[in-house]
Every structure is written in structure tokens, then in C-alpha cells.
There are 2 protein chains.
Amino acid sequence: MRNIAVKIMYDGSRYHGWQYQKNGITVQERMEQVLSELTNEKVSVTGCSRTDAGVHALEYVFNFKSETKIPIDRLPYAINTHLGNDSIAAVAAAEVAEDFNARFSSKGKRYVYKIWNSNIENPFTSNYSWFLPYKVDVRKMIDAAPMFCGTHDFSAFMAAGGSQKTTVRTIRDCVVKQSAEWDEQIEIEVEADAFLYNMVRIIAGTLAEVGMGRIEKDSIPEIIASCDRRRAGLTAPAEGLFLKKVFFDADLF
Amino acid sequence: MRNIAVKIMYDGSRYHGWQYQKNGITVQERMEQVLSELTNEKVSVTGCSRTDAGVHALEYVFNFKSETKIPIDRLPYAINTHLGNDSIAAVAAAEVAEDFNARFSSKGKRYVYKIWNSNIENPFTSNYSWFLPYKVDVRKMIDAAPMFCGTHDFSAFMAAGGSQKTTVRTIRDCVVKQSAEWDEQIEIEVEADAFLYNMVRIIAGTLAEVGMGRIEKDSIPEIIASCDRRRAGLTAPAEGLFLKKVFFDADLF
């Protein structure tokens, strides 16, 4: 039995997130359909994370087990041919060790959260950023971002519904910058060993509130220490969130 | 009677171009509907150019005459409220002189043409660039681009169907660069006093063929001088083209 890891990217606007569910098409379901067609097997895929409806992935990794003989370097093309114009693209594939699991073998992830900060919504970014038509001081956000770094109990930055054993996570990097493409776009990048449910979106909402002057930068350590969800900022909407990179022990692809 | 100029941007993927036509919704038609609703008049708009189906605009200017009392600074918001989620955004509006005409008063335009140069199509750019899965030497394209500059008869770079008096145009700037957002994306920017029908798309196709080694950079002056459409490169597809800037004697907005 081969264990195959696949790197994909997807535009989440058309999907009800990654994980299989009854009331809408998901990326997992679409990948299982395509791989089952390709291999003539009933394929189950294991994803690196459960992205919510509307969340995008510049890089997402899943794995599946199969007896297929398709050469590994042909697999992305075969998948893309089956997918057609489906807002998903297979970028690379690799054979991995038998015990590799895209979820549990992951050593960290990096997300980018995009904010469109203007009075006028941009039709090119409306599905790909949070439309925030308020005056935001980006400098304040830039200064506040590193205060999230380090190993903390991040339960103040977690939505109900997670099933984790611990709420301690290590944020390795948290930066805010202007986008290279649009002056009005602000990008927040956060990298951690793992994330709690909605953690990036609550950090993004909190940083936006810092930018709007509603939350003081210096209160961030206290908010973290409080472990009280009500003290953190709002949950920024899904459409601004992109999974950017998934880390494993070694480069897979 | 007020003469009002409006700056908009639009995602052309959903439209059959700018100009009114019978077999599909156009941006002109949508703007006339919205402005007629807003003003309770039968509004006709004059656009700065006839963009083809699928072509986008980062900046597009049209004007219309009306007795409306809507304050000029409120007009973009009023338009956007009526438009809803229609892939068009009104960005600014200004009162202009009685004889201003968005088409004939224009002193030049700047376009950007985007190429996605990879084996794998990117779901985020597929409606916004030409998917070109061949090996392209961007350096060659960068070197070739300035050869289009100057005042020439560009009839070799014109599709049939134009109705212009002369085919002489002045290209003020023509540059190729890597996109700031994606490594695999190549951007061609062309600025001229005016353009012939499909001129930017034929220049983009010709530059892509230079990048692929099918056309020699040094043959560009001869191709221009030949005035023979068959000697230039192919017409790059509409979805990669963006109107980026429209110039007038003075800044309108």
C-alpha cells in the first residue's frame, strides 16, 4: 500500500471548508471523488487542518493510501485533469512513509490574513479579504503583532468547539505588513506549531481593533493571560484567511 | 444639466465587456440601470474605452449628463449600494466641464497584461491571467518590451473590426516585470496615447512568443514596419488584460 501526500491550493469561496459535511460540497469530498475515480478505489484522505467555509489555501497538504500505479510525478496532472475548473489545483505529490499523517505529522503552519481597509470595497478582493471600512492605524498593528509571539495558553483566542488536549500553543512569528499588490490591503502573517479553533481569525480581529484604537497594544499580554475569550477582539471573517504553508520534519515535495 | 465623470473598477469575468450588447449583460448596461434608478432619469453613459468580454478594469472612467441633485461626494456610495455584490465598484465621482467626454477627452491609457507561467493553473488567478504552461525566458521579454515604444503605424498589432481614422499610435512606455505577488506571474504594462483594437493583447502575445523563443526581439521593428498582422504574435486571451489608468488633461478626481 502506498502512502501518498499531495500538496494542493484552493479558492475556498466555493466550498464549505475542507472537512466532509452533509449540507454543502467540501474540498475533502471533492478530492475523495477525484481520487476514487482516478484509482478505482474508495479513497479516504487525511487533511492537515479543518479549514472553515470560505477559508482559502495557498498550500494545503493531505495524504491517502492506495494501491494505484500512477507515477507520482504524473499524479498532480491527473488530478487537475479530473478536477477541471473547480477552484482547486494539485501542485505536487510525494510518496511518504507508512506512518505519515498530514494532520499529526505537521510541525507547524503559517497563515496569512488579509484586510481590505478602504471605504470602497474592491471587487477583486471581496472574496479574499475582510472589508474593513474604518480608519485603521497600521503602525499600531505592526507594533502589536510581535506581542502574540511565544508559548502561551491561548484559550482567550479560541472559539468554542475545539477538541484539543491542551490550549497551549507556540506562536513563532506574527507580523503585519502592507500588501505588495494593493496599498489598501493589510496582511497579517502568523506562524505557530499548531492553532486552536479560530485562533488566527481572533488574533486578526484583535489586531484590527488595536489598529482602530479600541484595544491597547500593551493589554495583549493581559488578554492572553486572562484565558477569557470575552477580553480578546472579534473573530475576523473567514474570507480573509489563507493557509500559506504547512511544515513537516523534512520537505516532502 | 450636470456633466458627471465616474471612476469605477470592475472584475470583467462576469460581464460581456463594457459596451451594451444584446446577448449578455455588460458593464455599461449595469451602470445605466443603476444610474437610471438613482436619478429617476433615463441615463446614457459614455465610456473611455470598449473593453472586450472578460477584460478587467482597475480604473475605468465614464461620464453622463443628469439633472440629479445627489451630492458628488455621495454618488460613489449611492452607486455601490445599488450595485450590491456585482463585481463593480464606484471609486470616485467629479463634476466636469460640459464638453468633457470620457472617450474623446482621454489623453492616454495604461494597461497591464498578466501571464500565469507555470505547469499548474492557479485557481486564484485563472480568471485574471493567461495560463501559459510553456517555458518562458522573462529576461528576453524584458529586453524586447521597449522596442514597442515610439510613434508608429501599429496596424500589424490590430485585429480587424476597428473604425479608426489612423492606425498611428504613440506607445509611451512598455515594460515587463515579475509580479510582486506571485513568482510565476509576469506582468506587461503598456501605456499609449490611444490603442487600436486588441493592440495590447497582440503585443502581449508577441512578447510571450519572444519569451518562448518563437519570435526574435530584433525582428520587432520589422514586424511593426510590415503593417502585416500575420507577422505579429498571437492575440493573448482577454482574461489577462486590465485597464489600469486613464489619463486626462487634468486629474479629475
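Data block above holds the structure.
Read on for an overview of the structure.

Rules and cut-offs
- Residues numbered from 1 in each chain as written.
- Chains lettered and ligands numbered in written order.
- Predicted model: local features only at pLDDT ≥ 70, side-chain atom pairs only at ≥ 80, totals over all residues.
- Heavy atoms only, no water.
- Phe/Tyr/Trp six-rings, centres within 6.5 Å; stacked < 30°, edge-to-face > 60°.
- Buried < 20%, exposed > 50% of the residue type's maximum accessible area, 1.4 Å probe, protein only.
- Contact = heavy atoms within 4.5 Å.
- Buried area = accessible area lost by both parts, 1.4 Å probe.
- Salt bridge = Lys/Arg side-chain N within 4 Å of Asp/Glu carboxyl O.
- Polar contact = N/O pair within 3.5 Å; in protein donor to acceptor, adjacent residues only side chain to side chain.
- Helix = DSSP H or I, 4+ residues; strand = E, 2+ residues; numbered from the N terminus.
- Expected span 1.5 Å × (residues − 1).

**Here's the deal with the packing of aromatic side chains**
When we look at a pair of aromatic rings, we describe it by the centre distance and by the angle of the planes.
Next up, step 1: Inspection of the entire model under this criterion finds 26 aromatic pairs over all chains.
Next up, step 2: Judged by centre distance (6.3 Å) and plane angle (70°), the ring pair of F154 of chain A and F157 of chain A falls under edge-to-face. Of the two residues examined, F154 of chain A and F157 of chain A, each falls in the buried class.
Next up, step 3: Ring plane angle 55° and centroid distance 5.7 Å describe the contact between Y10 of chain B and Y60 of chain B, whose orientation is recorded as tilted.

**Focus: the interface of chain B and chain A**
Next up, step 1: Opposite the 25 residues of chain B that make contact, chain A presents 25 residues.
Next up, step 2: Across the chain B/chain A interface, buried area totals approximately 1800 Å², and carbon plus sulfur atoms make up 72% of it.
Next up, step 3: Counting every contact that joins chain B to chain A gives 2 salt bridges.
Next up, step 4: Notably, a salt bridge pairs E181 of chain A with K114 of chain B, separated by 3.8 Å at the nearest N-O pair.
Next up, step 5: Here chain B is connected to chain A by 2 residue pairs in polar contact (both at pLDDT 80 or more).
Next up, step 6: When contributions to the side of chain B that touches chain A are tallied by element, the ones reaching two or more residues are β1 (2–10), β3 (56–66), α2 (75–83) and β4 (88–95) of chain B.

**Comments concerning helix α1 (residues 27–39) of chain A**
Residue and element names in this part refer to chain A.
Next up, step 1: Given a rise of 1.5 Å per residue, 13 residues ought to cover 18 Å, and the 18 Å separating the end C-alpha atoms of α1 matches this to within 8%.
Next up, step 2: For α1, every residue scored as buried is listed here: V27, Q28, R30, M31, E32, V34, L35, L38 and T39.
Next up, step 3: For α1, the secondary structure elements touched by its buried residues are β1 (2–10), β2 (45–47), β3 (56–66), α2 (75–83) and β4 (88–95).
Next up, step 4: Remark: N40 follows α1 within two positions and exhibits a positive phi of approximately 60°.

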